[in-house]
Amino acid sequence: MDAFTLWIKDAVAHLGYTEIVFLMALESSLFPVPSELVMIPAGYRAAQGELNPFLAALAGGFGSLIGASANYALGKYVGKAFLLNYGKYFLISAKTYHDAERLFLRNANVATFVGRFIPGIRHLISIPPGMFGMSLAPFMLLTSLGATLWCGVLVALGYFFGQPVLAAVAEYTHEVGIGALVLLAIFVVWFILKHRGRGKAAQDLAP
């Protein structure tokens, strides 16, 4: 984790549009790269005239879409088959899976958009759309909008509040990275327990 944190700091120290795209692609995949550690420094560099704030936000949104699309493909081509074949070992039956699928698809647009603003959840929110068969076009549109808006907010923080915010982010880089991993673990456990309970309740009600 320390080596990974040092690598992020080095990348941020030489932050340009390419680095923003790359780091935000990692942030939207399964790698614990908090977007705050990328986009707030980008906003600060924009305030120094080294980057254009609008292009920085767009680069962040584009990178997020790349990483999110990788997770979408992971859910579609790996996650669904894995859970249907091996979910029973995690107490997730085929019926529980299909119940979760129906529940997600009823709220797919809201979950995909709002999930882009929730720390920790951002790393995983693109897997269920692929796993449960959400159409690719609305997924990409909602992901792009949500991610670009979130990147714009962080760029604005760095741009208008500058060094104090940047110093706070740099001081707690290690803690933020660990926090992202913890949130990921909590989300996975919550998802399993919730749908395990839903499947058990359905079995209890069955004649």
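Residues numbered from 1 in each chain as written. Predicted model: local features only at pLDDT ≥ 70, side-chain atom pairs only at ≥ 80, totals over all residues. Heavy atoms only, no water.

Draft legend 1. View of the nonpolar core. Core analysis: the largest hydrophobic core is formed by 19 residues, its most contacted members being Leu15, Ile20, Met24, Val38, Met39 and Ala42. Put simply, the parts of the chain that give this core at least two residues each are helix H2 (17-27), helix H3 (36-47), helix H4 (53-86) and helix H8 (136-171). In this structure, Val38 is in contact with Leu15, Ile20, Leu23, Met24 and Val33, ignoring residues within four places of it in sequence. The next biggest cluster of nonpolar side chains, apart from the first, holds twelve residues, and it includes Leu83, Phe104, Ala108 and Leu142. (Core = buried A, V, L, I, M, F, W, Y, C linked by side-chain atoms within 4.5 Å. Buried < 20%, exposed > 50% of the residue type's maximum accessible area, 1.4 Å probe, protein only. Helix = DSSP H or I, 4+ residues; strand = E, 2+ residues; numbered from the N terminus. Contact = heavy atoms within 4.5 Å.)

Draft legend 2. Local environment of the pattern of salt bridges. Throughout the structure, instances matching the rule amount to one salt bridge. One salt bridge connects Arg45 with Glu50, and the closest N-O pair in it is separated by 3.2 Å. Of the residues examined, Arg45 reaches a relative accessible area of 21% and is grouped as partly exposed. Residue class for Glu50 comes out partly exposed when judged on its relative accessible area of 47%. (Salt bridge = Lys/Arg side-chain N within 4 Å of Asp/Glu carboxyl O.)

Draft legend 3. Main features of the packing of H2 against H3. One way to put it is that H2 packs onto H3 with a least axis distance of 9 Å and a crossing angle of 155°. Compared by their axis directions, H2 and H3 come out roughly antiparallel. Viewed along their axes, H2 and H3 form a crossing whose handedness is left-handed. Every residue of H3 that contacts H2 at Ile20, Leu23 and Met24 is listed here: Val38, Met39 and Ala42. Its residues placed into classes, the contact of H2 with H3 shows six nonpolar, no polar and no charged. (Axes fitted to C-alpha atoms, helices over the stretch in contact; angles between N-to-C directions. Parallel < 35°, antiparallel > 145°, perpendicular 65-115°, else oblique. Left-handed = near helix turned anticlockwise from the far one by under 90°. Nonpolar A, V, L, I, M, F, W, Y, C, P; charged D, E, K, R; others polar.)

Draft legend 4. Spotlight on the environment of Lys76. Of note, Lys76 is situated in helix H4. In contact with Lys76, other than residues within four places in its own chain, are Gly130 and Met131.

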